[in-house]
Every structure is written in structure tokens, then in C-alpha cells.
Amino acid sequence: MHDLDCPWRPSDLAQRLGRIVRQGNRNPEVEIFRYVTENTFDAYLYQLVENKQRFIAQIMTSKAPARIADDVDETALSYSEIKALATGNPLIIEKCNLDVEVSKLNMLKANHLNQRFALENLVLRKYPAKIAELREEINGYEKDVAIAAAHPKPAEGFAGMEVLGTVYSERKEAGKAIINACTSLNGSATVQLGQYRGFSLILEYDSSTSDYRLTIKGHLSHIISLSADAIGNTTRIDNLVDGLTRTLAELQEDLRDVQTQLGNAKAEMETPFAKEAELAEKSARLKELNILLNMDQKDHFVSDECPEKDTPEKEKRREHER
């Protein structure tokens, strides 16, 4: 098989190869010839096919993954680039490579700047606001934990609960009193239900969810949903009050995590672009090549033989000489 030219797509080369390297060919060996002419477009065309195949291989094999791929199908040549290829100028190959590399480096730098702006938002706004919120919440939980510690639940029995002015020493009776208060609740009104272990109990009805909710209020407000189970309701209240210590520990851990994230974000925000020196060096070299290849004067030709337009002063001088 003889390849006389270079196609635009790697798949075309693969298709040509498949016409001879295929099942059913009884020849043990095949010969494939590819012809390339020096100082022509052949080198540039094979370079384009190589770039396309590299991007395809990254997607199909997951090797050297890249987040961004240039649209190499839209590569265009200026007149000066065509002249350089026709004359065999080696600078054009270097220029084409630098164009791709500088473009990628500029994209990486833009991504670095975008990440830096995002980190600035985290460092200056989000993390400080979250830390302030957690500290305020921790302060409230510390006070509520202190209230619960000052009014401990007996190891055996019930701590006693005040419901609508009546103190109940039995868990089941207190639970029934809560259910009775729910049934007598009018609409979405809020009722000061009573006291339990140093916390105020506030009863309300949520019409959107058809749910009776009990707010256990100390320094903060803690809400639970009530059911038709008398003992279950009082058990939920105890579980919430006893779980304040665990919730406080979780909030303190969250605060430490956010503070660590803030420190990491500050350090990462101050990290400069790792390839800044490489970008400056290659950009400077690309600028030199553009000047050498006359890239800044595309399609602009000036003739030195263009006649100079006569001015009135020149016409007078010519008449005087005559």
C-alpha cells in the first residue's frame, strides 16, 4: 500500500491501514509506504493529524487527561506562514508549537486566576461568616448544656414536668397532658406549655405539614415533632436534652474544620502561578518569531515605487526652475 498524501483525520489513516492489515489477508507480511516531500505542507499536515490523534487518545485511553482541547480543525495559515513552509523555514514549526503551548499556558493561568478569585471569596466572606455563625451557635449550646447539667435526669424515674401549670411526676401522665394540650390547641396559635429540666416548653401547630411541634427553649430553641404516643413524646424530649453535649462536640469539630479550611485557602491563595516563568519565556520567544516571520504585517504590502503626490509648493518650485 502506498500513501501518497496526508489526510485531515487520523481515522482516514486508520481506514487506509485497515484495507491491508485486516482479517482474511493470507499474506504473512504487508508493506506500507508513506511518501513525504520536504519543504512542503506535508510536515504541517502530519503535525495536525498528530495533535488530533493525541487528543483522541487522551479521551479513549484515559492517558494524560486534559480538561481542554484546542479545535485543531480550524487552524489557518497566513500568507507569511505559507511562504515559510514553501521555503522550508524551520522557524515556522517552532512558531506553530509555541502557539499551542502559549495558548495552553494562558488557559492554565486564567484557570489559576479564577481559582484565586474563588478562594478570595472563601477567605474574605464565606469562611469568616461560617466561623462567626458556628461560634455563636457553640456559645448557645454551651449555655444549654450547662442548664441540662444543672437539672439532671434521675437514673431511675422521671424528673417531673410542668404542663399548663400542673406538675407531673410520672412520665406517662406528663405525656398524656401534652397530647391533651395538642387536641385543645386552636389553629396555629402558640402556647406556653410549661417547664422541663430548666427549659421552657412551647407548643405550636404547623398547618403546612399538619404536625404538632414542641420547642424546647433555653438559650437556643430546639424543636421536635410530637406523636400520639404519650411516653414516646417525653422520651424524645429527654433524648434531645441529653444529646445537647454530643451536638456541641460536633459543632466544635465543625469549627475546627472550617478554621483549617480557612488556613489552607489563605496559603493556596498566596501561591503564584507555577508556570509564570515558562509562559513569559515562551511568549517572548513567540513575539520574536512573529517579528522574524513578519506576522504583524499580514496581507499588508507597500510598494516602494509608488509615485509621490505633488504638492502646491512643489508645483511652484518646478515652474520657477523652468
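So, here is what we can say about the structure in this document.

Each value, and the rule that gives it
Residues numbered from 1 in each chain as written. Predicted model: local features only at pLDDT ≥ 70, side-chain atom pairs only at ≥ 80, totals over all residues. Heavy atoms only, no water. Phe/Tyr/Trp six-rings, centres within 6.5 Å; stacked < 30°, edge-to-face > 60°. Helix = DSSP H or I, 4+ residues; strand = E, 2+ residues; numbered from the N terminus. Buried < 20%, exposed > 50% of the residue type's maximum accessible area, 1.4 Å probe, protein only. Lys, Arg positive; Asp, Glu negative; His and termini not counted. Salt bridge = Lys/Arg side-chain N within 4 Å of Asp/Glu carboxyl O. Polar contact = N/O pair within 3.5 Å; in protein donor to acceptor, adjacent residues only side chain to side chain. Pairing = 2+ DSSP bridges. Axes fitted to C-alpha atoms, helices over the stretch in contact; angles between N-to-C directions. Contact = heavy atoms within 4.5 Å. Expected span 1.5 Å × (residues − 1). Core = buried A, V, L, I, M, F, W, Y, C linked by side-chain atoms within 4.5 Å.

What about the packing of aromatic side chains?
Then step 1. Taken as a whole, this structure holds two aromatic pairs when the rule is applied.
Then step 2. Taking the centre distance of 5.7 Å and the plane angle of 20 degrees together, the rings of Phe158 and Tyr196 count as stacked. Taken together, the residues span a long stretch of sequence, with Phe158 in the loop between helix H4 (91-150) and strand S3 (161-163) and Tyr196 in strand S5 (residues 191-196) at a distance of 38 residues. Accessibility assignment for this pair places Phe158 and Tyr196 in one class, buried.
Then step 3. A centroid spacing of 4.9 Å and a plane angle of 50 degrees characterise the contact between Tyr205 and Tyr212, whose relative ring orientation is tilted.
Then step 4. Overall, the relative accessible area of 28% leaves Tyr212 in the partly exposed class.

Here we look at the side chain of Asp144
Then step 1. Within the fold, Asp144 resides in helix H4.
Then step 2. Within the buried core, Asp144 has no salt-bridge partner, and the shortest N-O distance to an opposite charge, that of Lys217, equals 8.3 Å.
Then step 3. In terms of polar contacts, Asp144 uses its side chain to reach the backbone amide nitrogen of His219, at 2.5 Å.

Describing the pattern of salt bridges
Then step 1. Counted according to the given criterion, the structure contains 16 salt bridges.
Then step 2. Lys95 is the salt-bridge partner of Asp99, the closest N and O atoms lying 2.4 Å from each other. Highlighted residues: Asp99 and Lys95, both in helix H4, separated by four residues, approximately one helical turn.
Then step 3. Using a relative accessible area of 29% as the deciding quantity, one classes Asp99 as partly exposed.

Thoughts on the sheet that holds strand S8 (residues 221-225)
Then step 1. Pairing in this open sheet of six strands is antiparallel, and the strands run S4-S3-S5-S6-S7-S8 from one edge to the other. Looking at strand neighbours, the two that pair on one side only are strand S4 (166-168) and S8, the edges of this open sheet. The sheet shows a mean angle of 25 degrees between the axes of neighbouring strands, taken without regard to direction.
Then step 2. Relative to strand S7 (residues 211-217), strand S6 (residues 199-206) runs antiparallel, the two being bridged by seven bridges. In the sheet register, Leu201 faces S7, and the bridge partner there is Ile216.
Then step 3. Helix H5 (residues 171-183) rests against S3, S4, S5, S6 and S7 of the sheet, and its axis sits at about 25 degrees to S3.

Topic: helix H6 (residues 230-242)
Then step 1. Its 13 residues give H6 an end-to-end C-alpha distance of 19 Å, which sits within 8% of 18 Å, the value for a rise of 1.5 Å per residue.
Then step 2. The N-capping residue of H6, defined by a side-chain oxygen 3.4 Å from the backbone nitrogen of Ile231, is Asp229.

What about the nonpolar core?
Then step 1. Counting 39 residues, the largest nonpolar core has Met161, Ile178, Leu193, Leu203, Leu214, Ile216 and Ile237 as its most contacted members.
Then step 2. Elements that contribute at least two residues to this core include exactly H4, S3, H5, S5, S6, S7, H6 and helix H7 (244-269).
Then step 3. No other element matches the 10 residues that H4 contributes to this core.
Then step 4. Those residues in contact with Ile178 that lie beyond four places of it in its chain are Met161, Val163, Leu193, Leu226, Thr234 and Ile237.
Then step 5. By size, the runner-up hydrophobic cluster in this structure holds seven residues, among which are Val102, Leu105, Leu279 and Leu286.

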